[in-house]
Amino acid sequence: MGVLSGLEPGNVFYYFEEITKIPHGSGNVDRISDYLAAFARERNLFCIQDKWKNIIIIKEASAGYEAEPAVILQGHMDMVAVKKPDCSIDLERDSLRVAVRGDEIYAEGTSLGGDDGIAVAYALALLDADHIKHPRLEVVITVDEEVGMEGARQIDLSMLRGHRMLNLDSEEEGIFLTSCAGGARVDCRVPVEWESFEGIAYEVLVEGLKGGHSGTEIQKERGNANCLFARLLWNLTQKLDVGIQKLEGGLADNAIPRQTKAVLVIEPKDSASFAEICDVTAARIGEELAVKDPGFTIAVAERGKGSFSCVNRRDTRRAAAFLNSLPNGVQAMSADLPGLVETSLNLGILTLDKGEICAEFSVRSSVESAKEALIARLSCITKLAGGNQTVTGDYPGWKYRADSPLREKMVALYEKMYGEKPKVEAIHAGLECGLLGSKISDLDCVSFGPQMSDIHTTEESLSISSTKRVWEYLVRLLEEKD
């Protein structure tokens, strides 16, 4: 018996739990893709598994629905795989430890992968059912959505007949998304030289932050561990000679980093000043984040005395200036849609690797020219610091469609089922609808899904009751003829 056995809808939760048994973080999708292909073969369903491991599965229409327009069901198979520092799970090889707490499903010590495992579970449950009436179903499950939408970029959809798409990659029940921001990943690298530094090594740990999704939660202005470490490093280098021996912060460019760890080397005579600067910086930031992110701390621990190989003091000062100059967070709010973030960026990953300080960003904007200008700004700052920048995973936004028969049908059915109209909104996070829409002429698309919380973090959870309601709505939607 599975942990989720007995929950309804049974088939949806069965497949969701099966998915959590298969490691499927971005870039590690071979096994989950092969599982989906085998699922299709076992049921004699048409299936394409391309060389990038994207999956397309087609199920023909039920009797009496042959004349109805085909419907594309779309989601992605990869997840943001993160874990707590003390968690022993190997996210490249091990199953998640799924658990239930009241109305919530979560994973012990790791992210859950409800984003977007629930879309895959919904699709498999539909494909596996014989009693549900539906038009031709064209299920598209892409890879590596969380790291630049590479699967959506590469996939060939020329065999599809559908021009209506249900994107199941949203996390708020009762909200239908009809447009989203475009984005890109930007890696800024600044070379540094090393030296032998006689002194005391201290581990500095910025932690206790809430983190979150850099698209849907960037407006909450939670602390970014990488940026807060940059602030501390700047304060230290203004008064002390400091070398960086190790540096690692954040786990994904599109997740607000909760923890940054560094090993810094200072001269023995500066120990008291070092501790004071760390304490004062922590106190001041703590006051600023008292409401937004009250768990913030800076922990300092001595790691030994002696001669250490580290970034030389001159380049550490330069790195501190570079990192402290980088923009982060909301840059502009939409003038068209009050409350919607227009342009933002997130310093998601910070590393010291092979003689380079690397800062990796997720940049987003619903205005293409604003996105380009922000990327150019990062390039200018990086070049001034003597480094260079690369841009990958650039994807377009998804424009609002004024005439949408699918949206009208979905809103009318929701109101009929629940006695109130759903919200129809735009979102600052990236969705694959823009890229896929460039491959399908006249694509009519709506994104929706069950209630989830804290996606891309180890506190991620999925509502059981919401999953059931959205399933019932999805089934009714497919059964409703035009």
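By convention here, each chain's residues receive numbers from 1 onward along its written sequence. Whole-chain, interface and lining totals are the exception, using all residues; otherwise, since this is a predicted model, local features are given only for residues with pLDDT of at least 70 and side-chain atom pairs are given and counted only at 80 or more. In computing side-chain properties, one takes all heavy atoms of the structure into account and sets aside hydrogens as well as water.

Engineer: Talk me through the overall build of the protein; I want residue IDs and the actual numbers.
Structural biologist: Along the protein, the regular secondary structure elements total 11 helices and 23 strands. Atoms counted for the radius of gyration: C-alpha only. Globule rule: 2.2 Å times residue count to the power 0.38. Against the globule reference of 23 Å for 482 residues, the protein gives a C-alpha radius of gyration of 24 Å, in line with a compact fold. With the C-alpha coordinates aligned to their principal axes, the bounding extent of the protein is approximately 85 × 50 × 45 Å. Each residue is assigned to one of three classes by its accessible area relative to the maximum for its type, calculated with a 1.4 Å probe on protein chains only: buried under 20%, partly exposed between the two thresholds, exposed over 50%. For the protein, buried positions account for 58% of its 482 residues. Across the protein, the fraction of contacts at a sequence separation of at least 24, relative to all contacts at a separation of at least 6, is 79%. The method behind every accessible area is Shrake-Rupley, applied with a 1.4 Å probe, and residues are considered shielded solely by the protein chains displayed. Of the accessible surface of the protein, which amounts to about 19600 Å², a share of 48% is contributed by carbon and sulfur atoms. The charged-residue count follows a simple rule in which Lys and Arg add positive charge and Asp and Glu add negative charge, with His and chain termini not counted at all. By convention, charge coordinates are those of NZ in Lys, CZ in Arg, CG in Asp, or CD in Glu. In the protein, 53 side chains carry a positive charge and 75 a negative one; their mean positions are 1 Å apart. Comment: elements are numbered from the N terminus, with helices defined as DSSP H or I runs of at least four residues and strands as E runs of at least two. Residue contacts follow a heavy-atom distance rule, with two residues in contact if any of their heavy atoms lie within 4.5 Å.

Engineer: An account of the sheet that holds strand β22 (residues 452-453) is requested, with residue identities and associated values reported.
Structural biologist: Strands are labelled as partners when DSSP assigns at least two bridges between them. Spatial ordering of the open sheet is given by β4-β5-β23-β22, a layout of four strands whose pairing is antiparallel. Edge positions in the sheet fall to β4 (98-101) and β22, since each has one partner strand and no second. Alignment of β22 against strand β23 (residues 461-463), held across two bridges, turns out to be antiparallel. Within β23, the position partnered with M452 by the bridge is L462. In this description, a line fitted to the C-alpha atoms serves as the axis of each element, helices being fitted only across the stretch in contact, and the angle between N-to-C directions of two axes falls anywhere from 0 to 180 degrees. Its contacts with the sheet put helix α11 (residues 464-479) on β4, β5 (104-107) and β23, and the angle it makes with β23 is roughly 55°.

Engineer: Talk me through the pattern of salt bridges; I want residue IDs and the actual numbers.
Structural biologist: We define a salt bridge as a side-chain nitrogen of Lys or Arg found within 4 Å of a carboxyl oxygen belonging to Asp or Glu. Enumeration over the complete set of coordinates arrives at 36 salt bridges. R101 is the partner of E104 in a salt bridge, and the nearest nitrogen-oxygen pair spans 3.1 Å. You can call E104 partly exposed: its relative accessible area is 29%. With a shortest N-O distance of 2.9 Å, R313 and E195 are connected by a salt bridge. Note that R313 is positioned in helix α7 (residues 313-325) and E195 in strand β10 (residues 194-207), a separation of 118 residues in sequence.

Engineer: If you had to explain the packing of aromatic side chains to someone new, which residues and values would you point to?
Structural biologist: Here a Phe, Tyr or Trp ring, Trp counted by its six-membered ring, pairs with any other such ring whose centre lies within 6.5 Å, and the pair is stacked when the planes are under 30 degrees apart, edge-to-face when over 60, and tilted otherwise. If you walk through the whole model with that rule in mind, you get 10 aromatic pairs. Ring geometry for F176 against F448: centres 6.0 Å apart, planes inclined by 70°, an arrangement best described as edge-to-face. Linking F176 in strand β8 (residues 175-180) with F448 in the loop between β21 (444-447) and β22, this pair joins segments that are 272 residues apart in sequence. Geometrically, the ring pair formed by Y202 and F274 is stacked, given 4.9 Å between the ring centres and 25° between the ring planes. Here F274 lies in helix α6 (residues 271-288) and Y202 lies in strand β10, a separation of 72 residues in the sequence. Three or more aromatic residues joined by ring pairs make a cluster, and in this case those are F176, Y414, Y418, F448 and Y473. In this structure, K481 packs its charged tip against the face of Y65, placed 4.8 Å from the ring centre. For a ring to carry a charge above it, either NZ of a lysine or CZ of an arginine must fall within 6 Å of the ring centroid while also lying within 35 degrees of the normal to the ring plane.

Engineer: Before we move on, can you summarise unusual backbone geometry with the specific residues and values?
Structural biologist: One can expect most non-glycine residues to show negative phi and most peptide bonds to be in trans. The omega torsion of the bond from E8 to P9 falls at 5°, within 30 degrees of zero and hence cis. With an omega dihedral of 10°, the bond running from D115 to D116 counts as a cis peptide bond. The residue D116 is located in helix α3 (residues 114-128) in this model. Phi at H456 is positive, roughly 70°, even though this residue is not glycine. A relative accessible area of 4% places H456 in the buried class.

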